[in-house]
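Geometric and topological summary
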Amino acid sequence: MPNRITRRAFNASAAAFLPLAHAADSQLEVRVAEPGPDITPMLYGHFIEHLGGVIYDGVWVGRASKIPNVDGIRKAFIDDLKRIKAPVLRWPGGCFADSYHWRDGIGGRRPKTYNFWQRSMPKGVDATEPNTFGTHEFLKLCELVGAEPYLAGNVNSGTPQEFADWVSYCNAPQGTLTLAAERAANGHTAPYNVRYWGVGNESWGCGGNFKPEEYAAAYARFVAQFPTYTAPYLIAAGPSSGDLNWTRGFFEAFTRKTPQGVRQRAPMHGWALHYYTFYRPPGGRSDKFPPEQWYPVLALGMRIEKLIQDHWAAMGEYDPQHRVKLVIDEWGVWYRDDAVVKPSYLFSHYITLRDAVHTALNFDIFHRHADKIAMTNVAQTVNCIHSLFRADGPKFVRTPAYYVYELYLPHMGARSLPVQSQAAGISFTGQGGEAAIPGLSASASLHGRTVTVTLTNPSHSSPQQVSVRLAGGSPRGARAKMLTHPDMQAANTFEAPDEVRIQPLNATVSGDRVLVSLPKHAIAALQIELA
C-alpha cells in the first residue's frame, strides 16, 4: 500500500521558530523555563509471568545450572535490568495471577499445579507449574536488580484472607506474627516491605469474568482489612483498551455521593489499563514485513494516548481530584506467534527496529501525561510479546526495544519540559483507509543544568534534519547518540546479537539551537548542557 510524506502548513509563528539560515525538515522548540511534572522512573517498569518461556529459562535457570546465575536467577537478566535501572517488576501475572496460590511457591516441598496457560500450549506439550520460582525467588530478583516488587493478588480463585496473609508474610516485622516467623524460617528474617499490590488482574476476563459492579464489591472486600505494615499502593484491575463502560461502571459502584461530594469507599491508588498493539495481517512473520505494514503498527500503538485521555476523563467524573492515577501495567506489540525460540514459548515473536520505534513513541506519550500515569509495565520482559530479551539455555540476547530504555535513561526522575513541534506529517493507506502519524516524535526533560531531548523519526524511507531550539535557555554544548539500522526489518538474534545497537550521532550547537541529522527510522537522545 502506498505511503507519502506531506508538509503540514506551519502556523503564523513558524517564521520566528527557525530562521532561513537554519532551514531544516523539522523544528522543535523546548521551553526550558516552564518545567512540568516529574517523569517518574516507574514509567519504565517491567512485567514477568508464568507463561511459556518467561520464567523458566527466561528468568530462572536453576541453582545447579551451568548458565551463570545468582541463586538460580539468570545473571545476564539481572545485569541487563540493572543497566537500565529497572524501577519495578510485576509478577506473577497476568492471567496466571488469578489462579496462583502463593503458599504453593514457598518452603522446601512445593506442589506441582495446573497452569492457566496449559490451554494455549501446543498439543502434547505440558505446562505444569513446578512452583520452583515463588515469592522468595521473585523478591530476591527484585533485590538483585534494585527494582520495586509489584505483586498481583488472586481475586478469581483466592480469598481476602489469602491475600491478607500474603501481605503479612511479606511485610510483617520479625517477632510479630507467626507468618513473619515462617518467612524467617524460609530464609528471610527482615520484612520485604512490598508496597505495590494489584487486586486481581483483568477481572473483566480471565480474572473472573466479573461485571464492573461485581468487581467493585470484590475489590472492597479484598482491601477492607489490608495489613498496613508498609503503606500500600493498591491497584485495581482496570479496563481493556477502550472499554469506558468498565471504568465508569466500576467507579459508579465504588464511590458514593455525600453532602460534601464524592467519597471513595475503600483505599485505592491506581487504575490498571491494558492496551496491546494487536497487528496480525495475513501471512508473513513479525520480522519479514513489507513497507506497508510499518506505519499501521505505529499508528495503532499511538492510540494509547487517546485511551489515556478518555479513561482519565471518565475517572474524573467520580474522582474530580484525581487521587487515583493510571497504571498501564500491560502494553506492547502483539503479533502472531512466530515460535521464535521454541513452540512451547507462547506468544513469542521477533522484536525488530519497528518495535523499538513503537517503544519510543509510547514513551513520549507517557511523558506528555506524566501527571496522569503512576507506572507502566511492558509485557513481557523476556521471551514473550514485547520482549526486551530472548533466552534459550545459555543463549541470551537484547532486542532492539531494550536499547530504547537505555536511550531514555536520562529522563528518569527529571522534570518534563513542554515541546512544540513543527514537522511534516506522514500519511499512509492502511487496512482502515487513509491515516496519518506525526512525522517527528519528541519529549524533553530537565535535570540540573542538563536538558535531555529524545527524538524519533518514524519514517521508513526519509531522513530528516532537525533543529532543536531552547526557549528560555542557551546551549553551551551537546552530545547525542541514536538507535537505527539501514534495514527496517533488523533484529538482534543469537547469531548476530549486536545487529541493532546504539551508535554515536553528531550534534551541532548554533546559537540557541542544536542541529542533528536523523536517519530514517531512527531514535536519538540529545543531552544539552545549558550555558
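Overview of the structure. For every chain, the first residue of its written sequence is number 1, and the numbers climb from 1 along that sequence. Local features in a predicted model are, by the rule used here, given only for residues with pLDDT of at least 70; side-chain atom pairs are given and counted only at 80 or more, and totals for whole chains, interfaces and linings are based on all residues. The side-chain quantities take in all heavy atoms of the structure and omit both hydrogens and water.

Glancing now at the pairing of strand E23 (residues 464-471). Judged by how many residues are buried, E23 sits mostly within the fold: six of eight residues are covered. Pairing of strand E2 (residues 26-31) with E23 involves six bridges; the strand directions are parallel. The residue bridging Gln27 from the neighbouring strand is Ser467, located in E23. In this sheet, strand E27 (residues 513-518) lies alongside E23 in antiparallel orientation, the contact comprising six bridges. Within the sheet, the bridge partner assigned to Ser467 lies in E27 and is Leu515. Here the term buried applies to any residue with accessible area under 20% of the maximum for its type, exposed to any over 50%, and partly exposed to those in between, with areas from a 1.4 Å probe on protein chains only. A helix here means a DSSP run of H or I that spans at least four residues, while a strand means a run of E at least two residues long, and both kinds are numbered starting from the N terminus. DSSP calls a pair of strands paired once it identifies at least 2 bridges connecting them.

A word on helix H6 (residues 212-223). Its twelve residues give H6 an end-to-end C-alpha distance of 17 Å, which sits within 8% of 16 Å, the value for a rise of 1.5 Å per residue. Inspection of H6 places Pro212, Tyr215, Ala216, Ala218, Tyr219, Ala220, Phe222 and Val223 among the buried residues, and these make up the whole buried set. Contacts are assigned to residue pairs with any non-hydrogen atoms lying within 4.5 Å of each other. Buried residues along H6 sit against helix H4 (160-171), strand E8 (196-199), strand E9 (233-240) and helix H7 (244-254). A helix is expected to span 1.5 Å for every residue after the first.

What follows deals with the sheet that holds strand E17 (residues 415-417). Pairing in this open sheet of six strands is antiparallel, and the strands run E17-E21-E22-E28-E24-E25 from one edge to the other. The open sheet has two edge strands with one neighbour each: E17 and strand E25 (502-505). Strand-to-strand, the axes of this sheet are offset by a mean angle of 25°, without reference to chain direction. Taken together, the eight bridges between strand E24 (residues 475-483) and strand E28 (residues 522-530) define a ladder with antiparallel strand orientation. Within E28, the residue paired with Pro475 across the bridge is Leu530. Docked against the sheet, helix H10 (residues 353-368) engages strand E21 (441-447), strand E22 (450-457), E24 and E28, running at close to 55° with respect to E21. Contacting E22, E24, E25 and E28, helix H11 (residues 400-407) crosses the sheet at an angle of about 165° to E24. Note on geometry: axes are C-alpha line fits, over the in-contact stretch for helices, and angles between N-to-C directions span 0 to 180 degrees.

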